[in-house]
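Okay, here's what each chain looks like letter by letter:
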Amino acid sequence: EDAKGVLERARENEIEFSDNMKLYEVKILRNLAEKREDREKPFAIAKELLCQVKSPETDIEDLSEIEYEIALLHWDNGDLNEALEHLNAAIKQNPDRMQYHMVGGHIYLDKKAYKKALEEYGIARADYEESPSLHYNCGLCQEGLGLKELALEYGIPVYQPTKMRDGTLAEQLGQLA
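The structure presented is a predicted model; accordingly, all values stated were derived computationally and were not measured. (Residues numbered from 1 in each chain as written. Predicted model: local features only at pLDDT ≥ 70, side-chain atom pairs only at ≥ 80, totals over all residues. Heavy atoms only, no water.)

Some points on the overall build of the protein chain
The cut-off we apply is this: For helices the rule is a DSSP run of H or I covering at least 4 residues; for strands it is a run of E covering at least 2, with both sets numbered from the N terminus onward. When a residue's accessible area, from a 1.4 Å probe over protein chains only, is under 20% of the maximum for its type it is buried; when over 50% it is exposed; and in between it is partly exposed. We call two residues in contact whenever any of their non-hydrogen atoms come within 4.5 Å of each other. Surface accessibility follows the Shrake-Rupley procedure with a 1.4 Å probe radius. Residue values consider only the protein chains on display as shielding.
When its secondary structure is counted, the protein chain shows nine helices and two strands. Secondary structure of the protein chain in N-to-C order comes out as α-α-α-α-α-α-α-α-α-β-β. Counting all 177 residues of the protein chain, 38% fall into the buried class. A fraction of 46% describes how many contacts in the protein chain between residues 6 or more apart in sequence connect residues 24 or more apart. Carbon and sulfur atoms make up 49% of the accessible area of the protein chain, which totals about 11100 Å².

Shown next as structure tokens:
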């Protein structure tokens, strides 16, 4: 919220934003957005940046970040195909950013495209080997593919219906510690 306030005061004082500052504005507004309507402004700024960056005068060092931010905005809105379209454009521009592949895995997991998610997680593993999220999500993918034994190797509990004392069926939750 403080960062958003700084941006608003800068706009009120008619301070001209560089392209890089506009990109930071997109990141700040995206992180603060709670609903679709809140993402309209960062979308507009990011799309404007995408059109403008063809100019050699931009101060944005890694132009793939614009596509990445647009992908995240679409993902936050639940528009998974659009998110992947922009994320793939970011990956094409900067294939060495493992963060992009990690997010790609998350989006494919949301789409229940488990094999594609595992491919992306496999690439991201170079930087995220120690990430509990990577291992857990790989297990979710294995479970989604029906490979329960592999899912268990990743620490994913496989739920089995069990009879309760009163005779009703319930899922055994177990303790996740």
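Considerations on the pattern of salt bridges
Applicable threshold: Any Lys or Arg side-chain nitrogen found within 4 Å of a carboxyl oxygen on Asp or Glu counts as a salt bridge.
Counted according to the given criterion, the structure contains nine salt bridges. Taking the shortest distance from any N to any O, the salt bridge between E48 and K22 comes out at 3.6 Å. Linking E48 in helix α3 (residues 40-52) with K22 in helix α2 (residues 19-32), this pair joins segments that are 26 residues apart in sequence. Under the relative-accessibility criterion, E48 is labelled partly exposed at 37%. Note that E129 and R125 form a salt bridge whose closest N and O atoms lie 3.8 Å from each other. The partly exposed category is assigned to R125, whose relative accessible area is 26%.

Overview of the packing of aromatic side chains
Formally: Each pair of aromatic rings taken from Phe, Tyr and Trp, with Trp reduced to its six-membered ring, is defined by centres within 6.5 Å and is described as stacked if the planes are under 30 degrees apart, edge-to-face if over 60, and tilted in the remaining cases.
Applying the stated criterion across every chain, the model contains one aromatic pair. Arranged with centres 4.6 Å apart and planes meeting at 25°, the rings of Y68 and Y100 form a pair that is stacked. With Y68 in helix α4 (residues 64-77) and Y100 in helix α6 (residues 98-110), this pair connects stretches of sequence that are 32 residues apart. Neither residue differs from the other here; Y68 and Y100 are each classed as buried.

Concerning the environment of H135
By the secondary structure assignment, H135 is in helix α8 (residues 132-144). For H135 and R125, which are ten residues apart along the polypeptide, the C-alpha to C-alpha distance reads 9.3 Å.

Thoughts on the nonpolar core
Quick note on the threshold: Working definition of a nonpolar core: buried Ala, Val, Leu, Ile, Met, Phe, Trp, Tyr and Cys residues. They are joined through side-chain atoms within 4.5 Å.
Y68, L87, I107 and Y121 are the most contacted members of the largest nonpolar core, which has 22 residues in total. Among the secondary structure elements, those contributing two or more residues to this core are α4, α5 (80-93), α6, α7 (114-128) and α8. Beyond its immediate sequence surroundings of up to four residues, Y68 is in contact with L87, A90, Q99, Y100 and V103. One finds L23, L29, I66 and I70 within the second-largest nonpolar core, a separate group that totals twelve residues.

Quick notes on the packing of α2 against α4
For clarity, the threshold we go by: Lines fitted to C-alpha atoms define the axes here, with helix axes fitted over just the stretch in contact, and angles between the N-to-C directions of these axes take values from 0 to 180 degrees. Roughly parallel means an angle under 35 degrees; roughly antiparallel means over 145; roughly perpendicular covers 65 to 115; every other angle is labelled oblique. Two helices crossing with the near one rotated counterclockwise from the far one by less than a right angle form a left-handed crossing, whereas a clockwise rotation gives a right-handed crossing. Note on residue categories: nonpolar means Ala, Val, Leu, Ile, Met, Phe, Trp, Tyr, Cys or Pro, charged means Asp, Glu, Lys or Arg, and polar means any other residue, Gly included.
Direction vectors running N to C along α2 and α4 enclose 20°, while the axes themselves pass 11 Å from each other. Comparing their axes, α4 and α2 come out roughly parallel. You can see that α2 and α4 cross each other, and the crossing is left-handed. The segment α2 lies against α4, with L23, V26, K27 and R30 engaging E65, I66, E69, L72, L73 and D76. For the contact of α2 with α4, the class distribution of residues is five nonpolar, no polar and five charged.

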